[in-house]
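Commentary on secondary and tertiary structure
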Amino acid sequence: MRRPSVTLPLQAYRAGLRIGEPALTGLLAWRAQRGKEDPRRLPERRGLPGRARPVGPLAWMHGASVGEALSLIGLVEGMIARGFSVLVTTGTRAAAELVGGRLPPGAVHQYMPLDAPRWVGRFLDHWQPDLAVIAESEIWPNTILALDEREIPLILVNGRMSERSFRGWERCPRTAKALLARIAICLTQTQEDGERFAKLGAPRVSIAGNLKFDASVPPADAQQLAYLGSMVAGRPVWVAASTHPGEEAMVAYAHAMLKAQFPQLLTIIAPRHPARGGEAVACANAVGLRSALRSTGGRPHPSIEVYVADTIGELGLFYRLSPLVFLGGSLVPRGGQNPIEPLRLESAVLHGPHTENFGVIYQALDRAGGAVPVRDGVELAAVAAELLGDRQRLADMARAGQRALEPFEGAVARTLAVLDPFVAQMKLQRLDRGSPARPLARA
C-alpha cells in the first residue's frame with residue numbers, strides 16, 4: 001500500500017530537530033542536573049548504545065513511563081518464548097529504575113533516544129530491530145518515519161487516544177494520516193480509542209483491551225515485608241498511593257479527622273513522584289502529625305502517624321500491609337491511577353472523581369462495590385472511618401473488586417495472537433537473508 005507523502009509540517013519538524021540537536025543536548029544536561037536524567041546513561045538519549053545488540057531476531061518494545069513499561073512485561077515474556085530477544089526502552093528515569101529490575105532473561109533495557117533524526121537513526125542502525133512495539137500514545141514523528149524507511153513493522157499496543165488529543169490531531173488531518181498510515185496495526189484499549197485512531201487515518205485498527213489488566217502483582221522484599229509487618233502489627237493502616245500536589249494535604253487532613261476514632265492509625269503516603277516526599281512531610285507537619293521519611297531511613301515506629309514512602313518500586317510492599325488504599329491523581333484533575341495492583345493484593349480502593357484515564361474499570365468497580373468514590377478530604381475521612389472500622393466489609397470489597405476485573409483480562413493473549421503473523425514473517429525473512437542484518441534507511 002502506498003504511504004501518504006510526508007507533509008510540510010512533518011518536514012519542518014524533522015528539519016527543526018536536526019538543526020536543534022545542540023539545544024536538545026543542553027536540555028538533557030539541564031535535566032540531568034535536576035535528577036530527571038541518569039547522567040551515566042545520557043548517551044543513550046542521543047541514540048548511542050549502552051551495550052551490544054543480541055544475536056538473532058530482536059523485538060523493540062517501548063513504554064514511556066512506569067505504567068506503560070510494566071504493561072509490556074507480558075508481551076516481553078511472550079516474544080522471548082517465541083525465540084526473540086527483546087529490547088525494552090523507557091523515557092523516564094523512574095521507569096528505567098523500576099522496569100530494569102523486572103525484565104526476564106532475554107530482555108535488555110535502554111533509554112529511548114529523543115526524537116532527533118540523527119539520534120533515532122543511529123539507535124535503529126545499531127539495534128536493527130525486526131519489529132517495533134510502542135505502547136499507548138507515543139507518536140514520535142521522526143521515529144515513525146525512520147522505522148518506515150527501514151521497513152521495520154511498527155505495532156501500537158494498548159493504544160489510547162483521549163478526546164482532547166483526538167481534537168488536536170483533527171486540526172492537522174493530513175499529518176495525522178501520514179503518521180498513522182505508517183503503523184502496521186493499532187491495537188487499542190477500547191472501542192472509543194479505536195474509532196478515534198481510525199477516523200484519523202490508521203488503516204488497521206483492532207480492539208485488544210488493556211494490557212494493564214493482565215499485569216502481574218508488584219513484588220515486595222520478603223525481609224522488609226516481615227520487618228515492617230511486625231512493626232505495624234495491631235495498628236489500623238491505610239495507604240494513599242501515587243498522590244499528586246494538593247492530595248497529600250487532603251490525606252493529612254483526613255488522618256487528623258480520624259485520629260480521635262483511631263488513635264493508633266498509620267497513614268502511608270506514597271507520592272507519585274518520590275522527589276516530592278518532603279512536600280508530603282510538610283503537609284503532615286502542618287496539621288500537627290508526626291511523620292517519617294523512608295528515603296532518609298525513617299521507620300513507622302508506634303509514635304509515627306504519617307509514613308512517607310518516597311521510594312521507587314515499593315508499592316507492592318505497602319499494598320500488602322494495608323487493607324485500604326486511596327489512589328491519587330483523582331481528587332485533583334490528573335485522570336486517576338491504575339487500581340489493578342492494590343485490588344490484586346486484596347485491598348479495597350477509594351478514589352476521587354477524576355478517573356478519566358481508567359474510566360471504564362472504575363465504573364465497573366464502583367458498580368460491583370469494589371471501590372468507593374469520594375469528593376474531597378472531608379468525604380475521604382468519613383468513608384475511611386467507616387471502612388477501617390469494618391474489616392469484613394474491607395475484605396468483601398476486595399473480593400468484589402477482583403471479580404469485577406475478570407471480564408477485562410486477556411489483553412496479553414489477544415495482542416500476542418496479532419503479533420504472531422509478524423513473528424512468522426520475520427523468521428521467514430531471516431531464513432531468506434541468512435543474516436541478522438537489516439537494510440539501512442533508504443536515501
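Criteria and thresholds
Residues numbered from 1 in each chain as written. Predicted model: local features only at pLDDT ≥ 70, side-chain atom pairs only at ≥ 80, totals over all residues. Heavy atoms only, no water. UniProt positions renumbered as here; feature names shortened; annotations may be inferred. Helix = DSSP H or I, 4+ residues; strand = E, 2+ residues; numbered from the N terminus. Rg over C-alpha atoms; globule rule 2.2 N^0.38 Å. Buried < 20%, exposed > 50% of the residue type's maximum accessible area, 1.4 Å probe, protein only. Contact = heavy atoms within 4.5 Å. Areas by Shrake-Rupley, 256 points an atom, 1.4 Å probe, with all protein chains shown as cover. Lys, Arg positive; Asp, Glu negative; His and termini not counted. Charge placed at Lys NZ, Arg CZ, Asp CG, Glu CD. Salt bridge = Lys/Arg side-chain N within 4 Å of Asp/Glu carboxyl O. Polar contact = N/O pair within 3.5 Å; in protein donor to acceptor, adjacent residues only side chain to side chain. Pairing = 2+ DSSP bridges. Axes fitted to C-alpha atoms, helices over the stretch in contact; angles between N-to-C directions.

The chain goes by 3-deoxy-D-manno-octulosonic acid transferase in an unreviewed UniProt entry, where it is assigned to Methylobacterium radiotolerans. On record in UniProt, under Pathway (unreviewed entry), the comment for the chain is "Bacterial outer membrane biogenesis; LPS core biosynthesis." Comment text from UniProt for the chain, heading Subcellular location (unreviewed entry), reads "Cell membrane".

Overview of the overall build of the chain
Scanning the chain from N- to C-terminus turns up 20 helices and 14 strands. Over its C-alpha trace the chain gives a radius of gyration of 23 Å, about what one expects of a compact globule, namely 22 Å for 443 residues. Taken along the three principal axes of its C-alpha coordinates, the chain extends 70 × 45 × 40 Å. Taken across its 443 residues, the chain has 55% of its residues classed as buried. Of the contacts made within the chain by residues no fewer than 6 positions apart, 69% connect residues no fewer than 24 positions apart. Summed over all atoms, the accessible surface of the chain reaches about 18700 Å², with 55% contributed by carbon and sulfur. One way to put it: in the chain the 52 positive side-chain charges average out to a point 5 Å from where the 41 negative ones average out.

Describing the pattern of salt bridges
Per the stated rule, a full pass over the model turns up 25 salt bridges. Salt-bridge contacts for R182 lead to D148; the nearest nitrogen and oxygen are separated by 3.2 Å. In this pair, R182 is assigned in the loop between α10 (173-180) and β6 (185-188) and D148 in helix α8 (residues 141-149), connecting sequence segments 34 residues apart. Exposure class is identical for R182 and D148. Each is buried. In the salt-bridge network here, residues are joined through shared partners; they are E163, R167, E170 and R196.

Brief notes about the UniProt feature "domain: 3-deoxy-D-manno-octulosonic-acid transferase N-terminal" (unreviewed entry) in the chain
Feature annotation in UniProt places "domain: 3-deoxy-D-manno-octulosonic-acid transferase N-terminal" (unreviewed entry) on residues 41-215, given in this structure's numbering. Taken end to end, residues 41-215 is 41% helix and 19% strand, and its two terminal C-alpha atoms sit 28 Å from one another.

Considerations on the UniProt feature "active site" (unreviewed entry) in the chain
When the UniProt feature table is mapped to this numbering, "active site" (unreviewed entry) covers E68. Mapped onto the elements, E68 comes out in helix α4 (residues 66-71). Other than its neighbours up to four places away in sequence, E68 contacts G63, A135, E136 and K212. Separated by 2.5 Å, the side chains of E68 and S65 make a polar contact.

Quick look at the sheet that holds strand β13 (residues 348-351)
Taken in spatial order, the seven strands of this open sheet run β10-β11-β9-β8-β12-β13-β14, and their pairing is parallel. With partners counted over all chains shown, the strands left at the sheet margins are β10 (291-293) and β14 (371-373), one partner each. The average undirected angle you get between the axes of adjacent strands in this sheet is 20 degrees. The sheet contact formed by strand β12 (residues 324-327) and β13 spans four bridges and is parallel. Along β13, the bridge assignment pairs V325 with V349. Sitting on the sheet, helix α14 (residues 277-286) is in contact with β9 (266-271), β10 and β11 (306-308), with an inclination near 170 degrees to β10.

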